[in-house]
Amino acid sequence: MRIVSDSSSNLLSFEGIDYTTVPLKIISGSKEYVDNAQLDVEKMVNEMSVSKEKFSTSCPNAYDWGKAFEGEDEIFAITITSKLSGSFAAASAAAESTVEENSEKNIYVIDSLSTGPEMQLIIEKLKELKEKGLPFKEIKEKIKAYMEKTNLIFSLQSLTNLAKNGRVSPAVAKIAGVLGIRIVGKAEEGTLKPLHKCRGEKKTLETLKETMLNLGFKGGKVRISHCLNPESANELRENILKIFPKTDIKINICTALCSFYAEKGGLLVGFEV
Ligand code: X90
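What counts and what doesn't
Residues numbered from 1 in each chain as written. Predicted model: local features only at pLDDT ≥ 70, side-chain atom pairs only at ≥ 80, totals over all residues. Heavy atoms only, no water. Near = heavy atom within 4 Å. Polar contact = N/O pair within 3.5 Å; in protein donor to acceptor, adjacent residues only side chain to side chain. Areas by Shrake-Rupley, 256 points an atom, 1.4 Å probe, with all protein chains shown as cover. Helix = DSSP H or I, 4+ residues; strand = E, 2+ residues; numbered from the N terminus. Nonpolar A, V, L, I, M, F, W, Y, C, P; charged D, E, K, R; others polar. Contact = heavy atoms within 4.5 Å. Core = buried A, V, L, I, M, F, W, Y, C linked by side-chain atoms within 4.5 Å. Buried < 20%, exposed > 50% of the residue type's maximum accessible area, 1.4 Å probe, protein only. Arc of directions from axis to C-beta. Expected span 1.5 Å × (residues − 1).

A. How the structure looks around the site of the ligand. Within the structure, the ligand sits among 19 residues, and Thr57, Cys59, Leu84, Ser85 and Arg167 are positioned closest to it. Within the contact set of the ligand, an oxygen atom lies 2.7 Å away from a side-chain nitrogen or oxygen of serine 85. Out of a free accessible area of 560 Å², the ligand has 98% covered by protein chains. When residues of the shell around the ligand are traced back to their parent elements, those giving at least two are β5 (56-58), β8 (150-156) and β10 (191-199). Here the residues of the shell around the ligand are counted per class, giving ten nonpolar, eight polar and one charged.

Quick look at the structure:
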């Protein structure tokens, strides 16, 4: 069994399992950043912050996905929300033509309706189910059920790139444009739902924790991805551990796609309820 994810999961490699990613890209007239392990994300963020060019993103195409489906018969593919990207459509098209050519193959394409650390949780669960030795069909059922119990929340200091690329409304982006204001929100039905405006980082972290509790968090797994903001990620971890001391929390960095949209300071939090 192989797991293939697009790079919006921020998980570019995963030890102990057949795992690969297909990259999204950040592009301008003169530059292209490929969201893979070779890229220096911090350098990209800093270069973009001084650049006058307009940047947009592109998802992997069906050919890219098809390549990642070669040489293995049982594949779980997972994509960023289909509501904001063409990645799911491309993966589905690739899966269909791959199976048409080779009916032995089983490919299940999962629309995460989310991104980043919530995708990470799903990938980790797939690995766990595989290690239990369950058959493909059963893993499919179990992963669908698991996704009912995962969430994604976020805090963003700027929604400029989301707005410029039509992924949130200009009205929403404007609120975040005010100095010192952060937007705390959640993934809802595959899109961004703003929930709170917060002033200052301390208040923001408090609000993230409260939002987790309101959504039913009771000490399940937590995955935090940050864009050049390890201090806040660590502080959020400490705050969670004060309430649930045994929580399994892991922190990693946003790679290129999530860094571009979450922007400097952004936090994404995936958790189980
Ligand atoms: O296909 C493409 O070009 C990719 C477009 C992706 C657009 C959205 C990326 C969001 C990244 C921002 C905060 C979390 C939002 C969660 C919403 C489901 C991260």
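B. Layout of the side chain of glutamine 120. With respect to the helices and strands, the residue glutamine 120 is situated in helix α4 (residues 116-131). Excluding residues that lie within four positions of it along the chain, glutamine 120 makes contacts with Ser9, Asn10, Leu11, Arg223, Ser225 and Asn252.

C. Structural detail: the nonpolar core. Grouped together as the largest cluster of nonpolar side chains are 28 residues, with contacts concentrated most on Ile26, Met44, Met48, Leu159 and Leu268. Elements that contribute at least two residues to this core include exactly α1 (41-50), β8, α7 (170-177) and α10 (256-262). No other element matches the six residues that α10 contributes to this core. If near-sequence neighbours (up to four positions away) are discounted, isoleucine 26 is found in contact with Lys31, Glu32, Tyr33, Met44, Met48, Phe55, Ser56, Thr57, Ala256, Leu257 and Phe260. Core analysis: the second largest hydrophobic core is formed by 20 residues, Leu11, Ile78, Leu126 and Ile143 among them.

D. Here's a closer look at α1. Considered for burial, the residues of α1 that qualify are Val41, Met44, Val45 and Met48. The arc that holds the buried residues of α1, viewed along the axis, is 95 degrees, so those residues lie on one side. Each element contacted by the buried residues of α1 is listed here: β3 (25-27), β4 (32-34), β12 (249-253) and α10. Taking the backbone nitrogen of glutamate 42 as reference, a side-chain oxygen 3.3 Å away marks aspartate 40 as the first, capping residue of α1.

E. Main features of helix α9 (residues 230-243). Helix length check: α9, at 14 residues, gives a terminal C-alpha distance of 21 Å against a target of 20 Å (1.5 Å per residue), a fit within 8%. Of all the residues in α9, the buried ones are Ser232, Ala233, Leu236, Asn239 and Ile240. When α9 is viewed along its axis, its buried side chains cluster within an angular range of 125 degrees and face the same direction. Exposed positions of α9 whose direction lies more than 90 degrees from the buried face are Glu231 and Lys242. If you follow the buried residues of α9, they end up packed against α8 (201-214), β11 (222-226), β12 and β13 (267-272).

Geometry only, nothing functional implied.
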